[in-house]
Amino acid sequence: MQEYFIIIIGAVLINNIVLAQFLGICPFLGVSKKLSAAIGMGAAVTFVLVLAGLFTWLVQTFVLNPFNIGYLQTIAFILIIGALVQFVEMVIKKYSPGLYKALGIYLPLITTNCAVLGVAILNIQKDFDLGKTIVHSVSHALGFTLALILMAGIRERLESEDIPKCMQGVPIALVVASLMSTAFLGFSGLI
Amino acid sequence: MSLLNEFTKGIIKENPLFRLVLGTCPALAITTSVDNGLGMGAAFTAVLLGSNIVISAMRKIIPDSIRIPVYIVIIAAFVTMIDLLMHAFSPDLYKALGIFIPLIVVNCIIIGRAEAFANRNSVVPSIFDALGMGVGFTLALVLMCTFREVLGAGTFLGVRLFPETKAAIMMILPPGGFVTFGCILGFLNKLQAKNA
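What you are looking at is a predicted structure, and each value in this text was computed from that prediction instead of being measured.

Visitor: Go over the interface of chain A and chain B, please, and point to the residues and values.
Guide: The parts lose accessible area when they come together, and the size of an interface is often stated as this lost area. Counting residues at the interface gives 32 residues for chain A and 31 residues for chain B. Buried area between chain A and chain B, both sides added, is near 2800 Å², and the carbon and sulfur share of it is 85%. On the chain A side of the interface with chain B, the three residues burying the most area are Phe22, Cys166 and Leu174 of chain A, jointly 22% of the side's total. Here chain A and chain B share zero salt bridges between them. Our enumeration of links across chain A and chain B arrives at two residue pairs in polar contact (both at pLDDT 80 or more). Sorting the residues of the side of chain A that touches chain B by element identifies helix 2 (25-30), helix 4 (73-95), helix 7 (114-125) and helix 9 (170-185) of chain A as the ones contributing at least two each. A total of nine residues in the side of chain A that touches chain B trace back to one element, the largest contributor, which is helix 9 of chain A. Looking at the side of chain A that touches chain B residue by residue, the class counts come to 23 nonpolar, nine polar and no charged.

Visitor: Outline the packing of helix 7 of chain A against helix 8 (residues 130-158) of chain A, supporting the account with residue identities and numerical values.
Guide: Residues and elements named next belong to chain A. Where helix 7 meets helix 8, the axes come as close as 10 Å, and the angle between the chain directions of the two elements is 145°. Of the two elements, helix 7 crosses helix 8, and the hand of that crossing is right-handed. Within the contact between the two elements, helix 7 uses Val119, Leu122 and Asn123 and helix 8 uses Thr133, His136, Ser137 and His140. A per-class count over the contact of helix 7 with helix 8 returns two nonpolar, five polar and no charged.

Visitor: Could you give me a rundown of the side chain of Lys9 of chain B, with the residues and numbers involved?
Guide: Residue and element names in this part refer to chain B. Here Lys9 is to be found in helix 1 (residues 2-9). Of note is the side chain of Lys9, whose polar atom sits 2.7 Å from the side chain of Glu6. Within the structure, Lys9 has its side chain in polar contact with the side chain of Asp129 (distance 2.8 Å). Beyond its immediate stretch of four places on either side in the chain, Lys9 contacts Glu14, Asn15, Arg113, Phe117, Asp129 and Met133.

Visitor: I'd love a proper account of a nonpolar patch on the surface, names of residues and values included.
Guide: A cluster of nonpolar side chains, contributed by Phe87, Met90, Val91 and Tyr95 of chain A, occupies part of the molecular surface with about 470 Å² of accessible area. Within the fold, Met90 of chain A resides in helix 4.

Visitor: Residues and numbers for the layout of surface pockets, please.
Guide: When its volume is computed, the second largest pocket comes out at roughly 320 Å³. Gly70 and Gln73 of chain A together with Asp83, Tyr94 and Pro102 of chain B are the residues nearest the centre of the second largest pocket, which is lined by 16 residues in total. At the level of secondary structure, the elements contributing two or more residues to the lining of the second largest pocket comprise helix 4 and helix 7 of chain A together with helix 4 (67-89) of chain B. Element by element, the count of residues in the lining of the second largest pocket is highest for helix 4 of chain B, at four residues.

Visitor: Before we move on, could you go through the pattern of salt bridges and cite the residues and values that matter?
Guide: Residue and element names in this part refer to chain B. Applying the stated criterion across every chain, the model contains six salt bridges over all chains. The shortest N-O distance in the salt bridge between Lys9 and Asp129 comes to 2.8 Å. Taken together, the positions of Lys9 in helix 1 and Asp129 in helix 7 (residues 123-153) put the pair 120 residues apart, joining distant regions of the chain. Lys9 gets classed as buried once you look at its relative accessible area, which sits at 10%. You can call Asp129 buried: its relative accessible area is 0%. Where Arg67 meets Asp64, a salt bridge forms, and the shortest distance between an N and an O atom there is 3.8 Å.

Visitor: Describe in detail the packing of aromatic side chains, supporting the description with residues and values.
Guide: Residues and elements named next belong to chain B. Applying the stated criterion to the full structure yields five aromatic pairs over all chains. Between Phe18 and Phe181 the ring centres are 6.1 Å apart and the planes differ by 40°, which places this aromatic pair in the tilted class. Here the residue Phe18 occupies a position in the loop between helix 1 and helix 2 (24-29), and Phe181 occupies one in helix 8 (residues 174-195), the gap between them amounting to 163 residues. Here the two residues Phe18 and Phe181 agree in accessibility, since each one is buried.

Calculation notes
Residues numbered from 1 in each chain as written. Chains lettered and ligands numbered in written order. Predicted model: local features only at pLDDT ≥ 70, side-chain atom pairs only at ≥ 80, totals over all residues. Heavy atoms only, no water. Contact = heavy atoms within 4.5 Å. Buried area = accessible area lost by both parts, 1.4 Å probe. Salt bridge = Lys/Arg side-chain N within 4 Å of Asp/Glu carboxyl O. Polar contact = N/O pair within 3.5 Å; in protein donor to acceptor, adjacent residues only side chain to side chain. Helix = DSSP H or I, 4+ residues; strand = E, 2+ residues; numbered from the N terminus. Nonpolar A, V, L, I, M, F, W, Y, C, P; charged D, E, K, R; others polar. Axes fitted to C-alpha atoms, helices over the stretch in contact; angles between N-to-C directions. Left-handed = near helix turned anticlockwise from the far one by under 90°. Patch = residues over 30% accessible without salt bridge, like charges linked within 9 Å, V, L, I, M, F, W, Y side chains within 5 Å. Areas by Shrake-Rupley, 256 points an atom, 1.4 Å probe, with all protein chains shown as cover. 1 Å grid on protein atoms, 1.4 Å probe; cavity = no way out; pocket = protein on both sides within 12 Å on 5 of 7 lines; lining within 4 Å. Points joined across faces, edges and corners; volume = space filled by probe spheres on them. Buried < 20%, exposed > 50% of the residue type's maximum accessible area, 1.4 Å probe, protein only. Phe/Tyr/Trp six-rings, centres within 6.5 Å; stacked < 30°, edge-to-face > 60°.

These figures capture arrangement, not role.
In structure tokens, the structure reads:
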């Protein structure tokens with residue numbers, strides 16, 4: 001039990017995927033202007049990241065390892081993620097048009113979200129079993145959503161602030177991310 | 001002349017990192033020392049060169065409707081090669097770059113160049129495009145590395161410039177990456193506004 005707790009705290013707060021490991025920066029900067037969009041993106045990434053974590057672990061354990069073809073990891077994983085995103089998109093489109101409309105534009109972007117591939121590779125590198133892989137993926141996804149929502153909240157307020165013209169948009173967002181990242185460094189004493 | 005243009009546009013006018021703001025993840029993560037920056041830049045350039053050559057050579061054979069998956073497989077193949085080569089020939093660098101070598105697969109610059117350039121041009125211009133973009137990305141990485149290594153560790157390419165106790169360690173921690181990138185982008189915007 002304690003092990004799982006350490007994985008959760010570690011992934012959400014200490015090694016936050018965006019603020020400490022720099023994965024998934026593109027959506028973090030691109031989709032954090034509006035709070036509603038940030039929540040949608042967070043949900044979509046959570047969904048895909050957990051499924052991808054599960055499937056890549058299964059493929060690594062039951063296909064790549066037994067046949068000793070570990071060097072195909074990168075190709076296999078990116079194909080799994082691409083196919084998964086396509087599949088999820090079709091399923092959601094058929095069974096929940098409302099959700100599809102809400103997530104629609106974010107889903108294709110997730111294939112090239114390095115957070116998904118990154119977490120899938122981290123799961124394998126850390127030698128997790130199936131249970132830990134799922135907990136690790138869920139907590140990293142929650143950490144991503146947390147960072148995205150916090151950022152969106154701050155950026156909505158920045159809209160009405162008087163920022164020097166050259167710093168508007170992405171530059172100021174990066175400076176804000178730096179301050180957030182400093183704050184998250186404080187969590188490193190937790191474990 | 002036009003080939004020279006293809007080469008130079010990637011370095012300044014369309015610099016992938018500073019002007020198009022693509023490929024930000026490795027740029028923030030591995031720019032803690034100039035060595036890492038050069039290594040990442042070289043790996044990235046090699047992959048981009050390979051994928052641009054193959055994709056431009058095969059652009060008439062690849063069916064339009066499945067071109068993106070085909071690009072991804074081609075890019076992933078080159079990334080795997082670079083990954084294995086680096087593991088064999090420079091294990092230290094391999095360790096320092098870690099997870100960001102396989103993640104070159106999802107670097108938006110490479111798939112972006114495949115879609116925007118290699119898909120529409122023949123092999124020779126694509127080579128120059130890849131070299132230009134690669135050099136542009138490498139120079140941008142090295143610039144960020146220089147700021148972070150000098151301020152954060154007090155060294156440049158491992159040579160000590162001032163004592164470690166005077167260095168602001170924050171600059172090589174994650175916050176330093178964000179703030180360096182933000183300030184460089186802001187400064188470039190200012191420069192552009194002045195010239196316009």
